[in-house]
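# Topology and contacts: notes
Chain by chain, the residues run as shown.
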Amino acid sequence: MSKPKVAFFDFTCCEGCQIEFTNYGDAAFLELLNHVDVVEFREAMSEKTTEPIDIAFVEGSFSREADRARLESIRERAAIVIAYGQCSASGGINALKNHQSDYKQFVYGADAEQPQLDSQKAQPISAAIKVDYSAYGCPVNKYEVLQIVAHLLHGKEPVIPNYPVCVECKRRETVCRYDEADHCLGMVARAGCAAPCPAYGVPCEACRGFVDHPNVPALEKVLVERAGFSQKRAADKALMFNANDLEALS
Amino acid sequence: MNHQCHWTDVENIFLPREATIVCSEQATPSETHFTLKMADGQPIEYEPGQIVELSLFGYGEIPIGIASSPTRKNTFDLVVRSVGRVSGAVTKLGKGESVYVRGPLGHGFDLTKLRGHDVLIVAGGIGLCPTRSLIQYILDRRDEFDRFVLFYGAREPSLQLFTDDLARWRTANDVEYYETVDRGDPSWTGNVGVITTLFPQVELGPETRAVICGPPIFYRFVVRELDMIGIPRENVFVDLERRMKCGVGKCGHCQINDKYVCVDGPVFPFADVQGLEEAF
Amino acid sequence: MTASFIRSDDFAAFVTALIEAGPVYGPVAKRSRFAFERLETPEELRLDYDVTILPPKKLFFPPAQDLVTFDGAGFRAALEPTEKVLLGVHFYDVKAIDQTDLLFSERNYDINYMAHRETTTIVASNIQTVSKRAFFASVGADVEPQGHDAFLTAINGGYVLETRTERGEALLAFGAFQPATEAQIAEAAAVNVAALERCPEELEHGTEAIADKVRAAFQDEELWTTLAADCFSCGTCNTVCPTCYCFDVQDTWNVDQTSGQRTRFWDGCLTEDFAKCSLGEGACENFREERAARFRHRLMRKATYLNEKLGGPACVGCGRCSAGCTADIADPARVINQIMAS
């Protein structure tokens, strides 16, 4: 039986999630190649494909109308489309610009009128095409991606947690950031990363997005009362990776 | 520090046994009817209404009520509705392939409470599957029971399960069978309406023992009918469905208030669960 | 069983001898908190800890535990328990272990938990520092801790070790123990009684009165909605609880795509999907969809549902949930006292 064909595509992003895919180390990466046939992956190879694909990993957000046709062509050719990384899954960090109007002048000055800067709101790729599953995170968690691939190879729907990062912090007995006079977004952040940041003493920034029903008012309250944030800072704290979701919730 | 340990001698309740698919039949567009035989030749011993945890390695386990009577030896039936990871994978399997089962688990129908009495079974949708274990049992040991009345409701004719059984029951003398569908189709000449529309069609006495199994909304309306007949609630038995993940009363997912459906049930006397706020 | 005394100067050698004989777990410092970890040296052992982040249940019921492994050739149990000593368990955690022992062994004996229990020698120890949210003195006060092999109490100049079982008695061979005097035994008893006086929080009513009134409050929707308003459904109160033992089971494949494992993970009834079932065609039924219903379920479990089976409440007053809840709404003492006062 031929191996499933896997391809990677990128839109508005840093391509770091694709790099993450090459970080398994030789043994796991080469073992994985026994089970899938990577047909397009510009971070690691020069070939391209116009053939049908079994699994398309699409990185980056949908931020230019001009990209719609390419997304649609991927969708037409791919049996399964995975929004790969937070930019693709929710708009991610790119969505920070969505509530700004002055950034072009501010950032690019005299070059502000260049045509490639003429972008629309940064949206998840699901704003343009149907997405089957999402690999969350900035960057994705490579071990979770390995499980997603394993599940799909067996025709099983991937298991993506809908519980917050607190669950994973507690499972590994991490000292809570709030117990060390710090702040954290772990209570509303989707788990699946195994909570590495708080384990190293760094607050969770919710880079995998929110759980399905985040208690955002309670988050703001805790950030104000326990972390000493101003109301404004508390309200904006989760924007970095969740600007689109916060807008939808408000 | 060496101590006498007996852990290696104790049966591991999470180790399943292999079963072979003897027959697999597409019952409805989303449901498959399997007949299984234990691979080691040792049949499982169960009571009507008990469940098994059905699994495929790599996919997981799901609780399924046994859909055949222990009076039919050597094999047992399960109907699997393709709704998730495990059921989706299992329903792709065919004759001769292996699945894995743990069980039987839980408490089934208390036959001592039903024998010697009129029995009414009210089944809705996939609720016909676990109750079929009791239906077959009664039909196989017909003289142990008095009158036997069976109500079955399905959403539409194409979603009716066990169509061979239904065809037999419609004309049989050993069961008074009544059926309805929520929505008919051009070929349907039977009753159309919710399950409660069957009650006026048959005379039932307050001594009847009643068994109910159906979707969550079903129970409240059926019990109201049974109340009107005057059937005491301790003579009403309900077969409940929850997320029975471990099947052995540990994992907590199937709890209704303080009851674990997988070990305290899935069959309960209605009187024992009617006061549980989370039951219906 | 016996009561023995070991001098402070000889204690490190005792712990060293235990470590040399096999794995020893005890409370150690973890940043600003404490955790039960495998000891490398006696100096790491912090018997002056207040409370650990996770209770000792993690040694018997690990956060992720393989139940079955499988490959192309078949499947087998994954259980491989090892003999170990668990040192320095506070009495409230012993009471919690008693509960999980019962719950994992009753009806369907779960060897995946019980084997780890059977291979562990538990040495309880007195509470030297009381944690800031503890209420262990007033919850299930008449329930005695059972499941330990010996009890260690720090007194002036050393420790009294009271053995409870043969396994506990066997520990005496590892240190320079001598029979404890009547005065030393009395001093140890006084130390343990004094710890009960130092709880910062307390339940203001008895077990049965609480069980009745909390149960009767079930349908007070406004109460539960208010109590759970700031709940994140994060499950921290479940995860850190020494008497919570719910779990999820998931199968995963290894990278060879043939072998894999069936693993149970700690789960919590506060998380959103805990009671969710799929019905097909994208539909599902969540039997505890509202966070208030989940918050209520946990409190019912702790204060009423299991009391008859356990002979007391399924809470031991360790205060871990109270301290771990970022929104600070989980404190059973506070919630129960509020319900009782209403």
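Parameters at a glance
- Residues numbered from 1 in each chain as written.
- Chains lettered and ligands numbered in written order.
- Predicted model: local features only at pLDDT ≥ 70, side-chain atom pairs only at ≥ 80, totals over all residues.
- Contact = placed C-beta atoms within 7 Å.
- Helix = DSSP H or I, 4+ residues; strand = E, 2+ residues; numbered from the N terminus.
- Nonpolar A, V, L, I, M, F, W, Y, C, P; charged D, E, K, R; others polar.
- Pairing = 2+ DSSP bridges.
- Axes fitted to C-alpha atoms, helices over the stretch in contact; angles between N-to-C directions.
- Domains from an automatic or database assignment.
- Bend = angle between axes of the 7 residues up to and from the residue.
- Buried ≥ 20, exposed ≤ 12 C-beta atoms within 10 Å, placed from the backbone.
- Parallel < 35°, antiparallel > 145°, perpendicular 65-115°, else oblique.

## A few points about the interface of chain C and chain B
Contacts between chain C and chain B engage 47 residues on the former and 35 residues on the latter. Mapped onto the side of chain C that touches chain B, the elements with two or more residues apiece are β4 (64-71), β5 (74-77), α4 (111-118), α5 (166-170), β11 (247-253), β12 (260-266), β13 (276-280) and α10 (291-305) of chain C. The greatest single-element share of the side of chain C that touches chain B, amounting to 6 residues, is contributed by β11(C). Class assignment of the residues belonging to the side of chain C that touches chain B gives a composition of 27 nonpolar, 10 polar and 10 charged.

## Comments concerning the sheet that holds strand β3 (residues 51-56) of chain B
All names here are of chain B. Here we have 6 strands laid out as an open sheet, ordered β4-β3-β6-β1-β2-β5, and antiparallel in their pairing. Whereas interior strands pair on both sides, the edge strands pair on one side only; in this sheet they are β4 (60-65) and β5 (75-81). Between one strand axis and the next, the sheet turns through 40 degrees on average, direction left out of account.

## Some thoughts on the domain arrangement of chain A
Residue and element names in this part refer to chain A. Assigned domains within chain A: domain 1 (5-153) and domain 2 (165-249). Domain 1 and domain 2 are separated by 25 Å when their C-alpha centres are compared. Each side of the interface is counted separately: domain 1 has 16 residues, and domain 2 has 13 residues. Considering every element that reaches the side of domain 1 that touches domain 2, the biggest residue donor is helix α4 (residues 86-90), with 3 residues. Taken together, the residues of the side of domain 1 that touches domain 2 sort by class into 6 nonpolar, 9 polar and 1 charged.

## Some words on α10(C)
C:L299 marks where α10(C) bends most, by close to 30 degrees. Among the 15 residues of α10(C), 13 are classified as buried, and the element is accordingly described as predominantly covered.

## What about the interface of chain C and chain A?
Interfaces are often sized by the amount of accessible area the parts lose when they come together. Facing 29 residues of chain C, the contacting portion of chain A comprises 33 residues. Here the element with the most residues in the side of chain C that touches chain A is β11(C); it accounts for 3 residues. In the side of chain C that touches chain A, the residues fall into 12 nonpolar, 10 polar and 7 charged.

## Some thoughts on the environment of A:I82
Residue and element names in this part refer to chain A. With respect to the helices, strands and loops of the structure, I82 is situated in strand β4 (residues 78-84). Considered as a pair, I82 and D132 are 50 residues apart in the sequence and their alpha carbons are 5.9 Å apart. Sequence-distant contacts of I82, defined by excluding residues within four places in its chain, comprise I55, A56, F57, V58, D132, Y133, S134, A135 and I148.

## With respect to unusual backbone geometry
Between B:G103 and B:P104 the backbone carries a cis peptide bond, its omega angle lying at 10 degrees. With respect to the secondary-structure elements, B:P104 resides in strand β6 (residues 98-105). A positive phi angle, near 60 degrees, is found at A:E173, a position not held by glycine. Looking at the secondary structure, you find A:E173 in the loop between α7 (165-171) and α8 (196-199). Even without being glycine, B:N74 reaches a positive phi, approximately 70 degrees. Examined against the element boundaries, B:N74 turns out to sit in the loop between β4 and β5. Residue classification places B:N74 among the exposed positions, given that 10 C-beta atoms sit within 10 Å.

## Points about the packing of helix α7 (residues 207-216) of chain C against helix α13 (residues 332-341) of chain C
Residue and element names in this part refer to chain C. As a packed pair, α7 and α13 sit with axes 10 Å apart at the nearest point and diverge in direction by 75 degrees. Classified by the interaxial angle, the pair formed by α7 and α13 is roughly perpendicular. Residues I210, K213 and V214 of α7 pack against I336, I339 and M340 of α13.

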